[in-house]
Every structure is written in C-alpha cells, then in structure tokens.
There are 2 protein chains.
Amino acid sequence: MKKKYTIRDIAELAGVSKGTVDRVIHNRGKVSKKALERITKLLTEIDYEPNLIARNLKNNKVYDICVLMPDPEVDPYWSPCTDGIKNAIIELKAFGVNILTVLFNPQCTKSFLNENENIQIMLPDAVVLVPLFNKESLFVLEKYEELGIIVSTFNNRINSATINKFVGQDLFQSGRIAAKLLYGLRKSEGDFVIIHIDEKYKNAIHMQEKEKGFKSFFDESLKFKNKILTCKLKHPNFESQFNLFLNEHKYLTGIFVTTSKVYQVAEIIKNRTQHNISIVGYDLLPENVAHLKEGTIDFLIHQNPKQQAYLALKYLVDFLLFEKEIPNELLLPIDIINSENVEPFMGN
Amino acid sequence: MKKKYTIRDIAELAGVSKGTVDRVIHNRGKVSKKALERITKLLTEIDYEPNLIARNLKNNKVYDICVLMPDPEVDPYWSPCTDGIKNAIIELKAFGVNILTVLFNPQCTKSFLNENENIQIMLPDAVVLVPLFNKESLFVLEKYEELGIIVSTFNNRINSATINKFVGQDLFQSGRIAAKLLYGLRKSEGDFVIIHIDEKYKNAIHMQEKEKGFKSFFDESLKFKNKILTCKLKHPNFESQFNLFLNEHKYLTGIFVTTSKVYQVAEIIKNRTQHNISIVGYDLLPENVAHLKEGTIDFLIHQNPKQQAYLALKYLVDFLLFEKEIPNELLLPIDIINSENVEPFMGN
DNA sequence: CATTTTTTTGTGTTCGTACACATTTATAAA
DNA sequence: TTTATAAATGTGTACGAACACAAAAAAATG
C-alpha cells in the first residue's frame, strides 16, 4: 500500500523548500530550470496528488449555488427535483456549499427571464438551471458568461457554445424504447399512435425528439406494415378530442404518450373497455403509477428528474471543490418501469 | 444565505476559549455547568456543524480497505465489479483511502476462507466483501467483529447480527419482474419454465429467491391457467439435457433463466427456430447483449454489479470519513433492459 | 490565611496546502 | 570590486478541528 506524499516530502527529496515545490506545482514561475526539472521529474515519478482535503481547507471558500427550475406547483413532473436538491443541500452543507432554489413558471417565459435576472443580482458562484425555453435560455446564458458565473443544466439540453455541462437523457433513444416496448406487447396487427398533450409552451424539442425516435424504430423493421399516427391533444377539450380520435381509429394496438400526462389518456382508455390497447408513457407521477399497478398503463419510462437535479448539483460541486473531471454531457440510463419494479424507483 | 460558524465563533459568542467549546462538542467533561449550558444552547441555536474538511485534515488518517470478491476469470459476471472498484480507487485516492482488491474462487469455499485469513493478517480498517457462501461468511464475519474491522457487503445478502451494511437487489422482486415481462410478451397460451444453470456452488439462495418471486407473480393472477416448470441444467451435458427438455415440453411460451448464463439458453433456442418463445435472463454480459440485439433474448434484468461494488465502497468511505449516515441496506433499483436502452447501461 | 488539590479554562501545535513576504543567490550596471 | 537589480529560494502563517499541555480559578485541607 502506497505512501501518500506531501509537498514537504517532495521538497525534501528534491533538496529544496516547500515554497519552490509549490511554485512548480502551480507553475507560477520564479524557479530555476534545474530545480524545475528535478521537481517535475520527482512529481511524475512519485505520481504526486495534492491532498484535496487540505487544499480545500486552505481555499476555504463558501460556494453559493442557485438552482433555477420550473415550479412543481404548476407541473408536478418537477416535484421529485426538489427532493434531489434537498438531498444535495444536506450533503454539501458541511463542505461550505450554499444552495438556493428559485422557481419559475414553466408556462411563462417572462417568469424565466425575471428569475434569471434576480439570480444575476445575487452573483452566485454557479447556477444550475433547466433551460426550458430555447431562445430565452441562450440569452441568459450569455449574460452568465459575461458575469463569469458557471452554468450547469439538466433535463433540457441546449446547444450553446457557452454551456458545456448537462445532465439528462437521450430523448430520441427514449422514443425508440417506447416503440420497442409497444411492439413487444402487441398481440395482433394494429396501428400505433403518438400522443402529445398540452403543448402550449415550447418544450416541443422534447416531444419532437421522442417522436423521431419512436418512428425510427419502425423504419428499420421491414416486417411492420401498420401505421404510426400522431395526435395532438389540448385542454380543455382534451377528452372529447381524444374520444373522437379513438372512434376514428379502431385498429389501435398501442399508445405512446410523450409526457408525464399519460394518466389522462389511461383514464379514458380504461373507461372505454378497449382492453387490447397497450400504453407507454413517462414518469412516475402517483396517478401514472396507480394506472401502472392497475394494468392500464403497461410501461413508464422514467426520466429520473430527482436524480438529474441531484447529479447536476453534485457534479458541479465535485468540479468546483475537488477538481473532479466531469463529462460535459451526462446521459442518464433510461429506466423502463413496470408494475413490478416501480417501488424502489419511487423512493429513489 | 447562512454563515458557516466555526468553533472559534462559538467560543467568542459564549465568551470562552475554543478549548472549552471543543470539550463540550466532544463531551469530554471538565466543563462547568454554567459554561456547558451556555455553549450547548448556542450550539443548538446556531445549528453548528463541524467543518468536515478541517476535521478530516486533522485526523489525517489513511484508511486501508480490502475488497474481497469472486474472481471474474472464473465467472465473468463479476467483471464489471472491477471497473466499479477501479473508479472508487481513483476517486478516493485523494482522500487518503487505499483500496486493495483480493479475489477468491467462487467455486471453492476454501479459497474464500483462505483469502479472508490473508486479509485479516493485513488488518485493514474495513472490508467490503461478497459473502457468497453462507456458512463460511458467518464464520469470517465473527472474526472481523473480534478484530474490530468494519465489514460491508454487496451482491449477496447475509443474515448476521454483526453485519449491517449491504448493497444489492431484492431478488424476489426481480423474479417477479421477469414473470411480468414474460407474461406481457406472451402471444398465445403456453407454459413458462424457470431454468437454473450450473448450480454446483451454493448461490442457491439467489436462485431460490428469484424462483419464488417468479411464481408468486402467477399465484396472484387468477387468469393464468398454464404451467410453471422448473429445469436444472448442468455442464457438460447442458445442451443435450436442454434439448431433451424442449422436446418434452412443446407448449413453452417463455423462458426465465436465473443467472447471467442466459446466452447459453438463447444459443440453443435460436438454432431450434422455435420463434415464439420469449427469453428473460440476467446481466449485460457481451454474449447476452448480442442476443438481446439480435432479438433472441427479449429482456435482461440488470443487477448492476459495477454500481453495487462502487457504491459499497463509496458508502463505506462516506461513513468512515464524513460521518454520513448510511442506510443499513441499500436495495438498488432493478433495471429492465431491452435492445434499445442497453447502451448507456454498458458504459455505466 | 496559606497551601495543596481539584476543577475548569486557555494556549499552542498539528494536519497539508496556498500564498504573502523575507531572504539569499545570481546577474547586470557602475 | 562595489552597488543596484533581478531571479530564485526559503520562511511563516492561515484555514478549522482536535488534542496535549499549560495556566488560572475554585474548592478542599491544614
């Protein structure tokens, strides 16, 4: 078992003082070529790694981090995120990390912009945000860049030169998974339908990706001869619109709902006693899980918002405090949930 | 955003020296009632939390941890564990944690006992082990208890008073999941079979749990009228035995293999062109994944050995170094894998 | 009241790193 | 060679907690 070398050890071995070693490590210059060479050689030979605990104690900085995410009161999908953040707060408190959660209305770009301004006034060291609105997000990201505030994102990926930290999922692939699951469940020939619900705000990229993925699965399958339909439903006429659609399409064998509102679809299907239609949707909302256990919904794809929020924070702190190298893009595994494995995912 | 109070801050506020505050915090006595009360009150009021970084630097202990796990050369199931351990080693090195991996032969209880003895001579601070053999594990656990060595386990749960740290999965539930998946895939009436392969060494508890879970799913379903068969296969007559079984049972609709050797079953099924039999098995061995992508295997249940090993270590270190409260039993979510979501799980 | 003993409180050092500042050595200009 | 200047190297302290030891205050004894 290897000894842990300190700066002092290196200094003694090189016959210099710790100050010189320190200058080499941080290449601050003011070191003679001879000393530089000898110390660098030693450093690599010995595979010196600074004691991160000591380094951190010295730096002793209190990091202020803001989390900006959609208000779970408006869309319950985001509710688990607050738990993930709560966990991060507890865990990171002892390392001098202050985390403040700020909420915005996911149906209102103005709210998003406003809250970002508020955060920018507070000048935190870093921001973790959900860039729900593409245009507005690009705008605020530039601002953060100017202010020298590190930004990390989760759930929604955004293409920006200034941002390079993202925790989320591959949505195209998650669409393919839905397709695979529905195809496997199918008992007879029949059509599939992709349902988008309440698409009034611009999370369209989400659904587009999922739809593309879903369709791509069938493009590859030469055997498949049925249709892939698309159906956009909006409240308050949701129910009547959907019933109309169902009446028009009698050969449905599977439904893919691209959001966590799948329970609304399940509710209607359940009442129609159309029992050979499989349903796949997203997220472990209590309503969805109830339908899953009842058997109305066959599979849920878990986007793991809690873990996304937690990891976005955790990785950011590992980066800030412990210089851990973080992948720019962390794509979480896509969990397939049925009535039997749902339980441990709920607590988690 | 709250200020981080130090011992010195508390001391000043209480009008005493840091030594006295320190004595109160560690209740070492030698403090007057008056001072004790004032300081305790302040401590709770302020919700003082010691700076774990500073505490650790002072303690400055090098922790030696041994990991004892089955040799992946003998059973490739364990191969991902070494990656998980490797990650832990890299990550924890900078915190003064030395991790040494020791392998034993999973087919040989003597090897297990021997390696445990070797570890006990080294006197590490903690041991992470896979208690593959029930009786022998209980024996070595007592020894560790005597030596004051903390033990954490993963993959196999063991019922012992001395051990209270486990990372793994609920195997009963994973059997149920297999049942649910196969039942969902079934296109027509037919029987199911549970296949146990190469059960020469005592991981029987594993398979028993999985079998029980699998059966329990159908016990609840009143609709199910077919049979659940069981079939034990052993090398070297594996293939002939299995073909014999298949010839005898023509009404099979699904196969559940209780280990990672499911690819061996898939191989045979594939060659028999019996195309309406679904297969569910365990673990992301390359052979299994190949069959999954080809379509011979429908679902794999991911036991996540890599993550299990990593988390067992990580949690142990969080406990030793940062006093993080760790749940005695961490049951990882059971991941359902198909050809579409397999990719991110492989790297992970 | 003086002295001893016990109890209580305060001070100083350490952990390893980072950085400011002091000191020494080498080089250039007088 | 002497002095001025720059380059290189060394020293000391802080971060916050922990603990050993010194010091002071209180209590017990003569």
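This is a predicted model, so every value here is computed, not measured. (Residues numbered from 1 in each chain as written. Chains lettered and ligands numbered in written order. Predicted model: local features only at pLDDT ≥ 70, side-chain atom pairs only at ≥ 80, totals over all residues. Heavy atoms only, no water.)

Caption draft 1: Quick look at the interface of chain A and chain B. Contacts between the two partners involve 45 residues from chain A, matched on the other side by 46 residues from chain B. Around 4,100 Å² of area is buried between chain A and chain B when both sides are counted, 61% of it from carbon and sulfur atoms. The tally of links from chain A across to chain B stands at 6 salt bridges. Its salt-bridge partner being glutamate 49 of chain A, residue lysine 93 of chain B comes within 3.1 Å of it at the nearest N-O pair. Scanning the region where chain A abuts chain B turns up 16 residue pairs in polar contact (both at pLDDT 80 or more). Sorting the residues of the side of chain A that touches chain B by element identifies helix 4 (52-59), helix 5 (79-93), strand 2 (97-104), helix 8 (171-185), helix 13 (305-322), strand 12 (335-337) and helix 14 (342-347) of chain A as the ones contributing at least two each. Tallying contributions element by element places helix 8 of chain A first for the side of chain A that touches chain B, with 7 residues. Grouping the amino acids of the side of chain A that touches chain B by side-chain chemistry returns 20 nonpolar, 10 polar and 15 charged. (Contact = heavy atoms within 4.5 Å. Buried area = accessible area lost by both parts, 1.4 Å probe. Salt bridge = Lys/Arg side-chain N within 4 Å of Asp/Glu carboxyl O. Polar contact = N/O pair within 3.5 Å; in protein donor to acceptor, adjacent residues only side chain to side chain. Helix = DSSP H or I, 4+ residues; strand = E, 2+ residues; numbered from the N terminus. Nonpolar A, V, L, I, M, F, W, Y, C, P; charged D, E, K, R; others polar.)

Caption draft 2: Structural view of the UniProt feature "domain: HTH lacI-type" (unreviewed entry) in chain A. Per the UniProt entry, the sites bearing "domain: HTH lacI-type" (unreviewed entry) are residues 5-59 of chain A in this numbering. Helix makes up 69% of residues 5-59 of chain A and strand makes up 0%, while its end C-alpha atoms are separated by 20 Å. (UniProt positions renumbered as here; feature names shortened; annotations may be inferred.)

Caption draft 3: Structural detail: the environment of lysine 227 of chain B. All names here are of chain B. Mapping lysine 227 onto the fold places it in the loop between helix 9 (204-220) and strand 7 (228-233). C-alpha of lysine 227 to C-alpha of isoleucine 337: the two residues are 110 residues apart in sequence and 26 Å apart in space. If sequence neighbours within four positions are ignored, lysine 227 has contacts with Asp191 and Phe192.

Caption draft 4: Summary view of the protein's contact with DNA strand C. Not every one of the 26 residues close to DNA strand C is listed here, only the nearest: Tyr48 and Arg55 of chain A together with Ser17, Lys58 and Asn60 of chain B. Across the atoms of DNA strand C situated within 4 Å of the protein, the share located in sugar and phosphate is 59%. For DNA strand C, a phosphate oxygen lies 2.3 Å from a polar atom in the side chain of arginine 55 of chain A. Within the backbone of serine 17 of chain B, an N or O atom sits 2.5 Å from a phosphate oxygen of DNA strand C. Every element with two or more residues in the surface near DNA strand C is listed here: helix 2 (18-25) and helix 4 of chain A together with helix 2 (18-25) and helix 4 (52-59) of chain B. (Near = heavy atom within 4 Å.)

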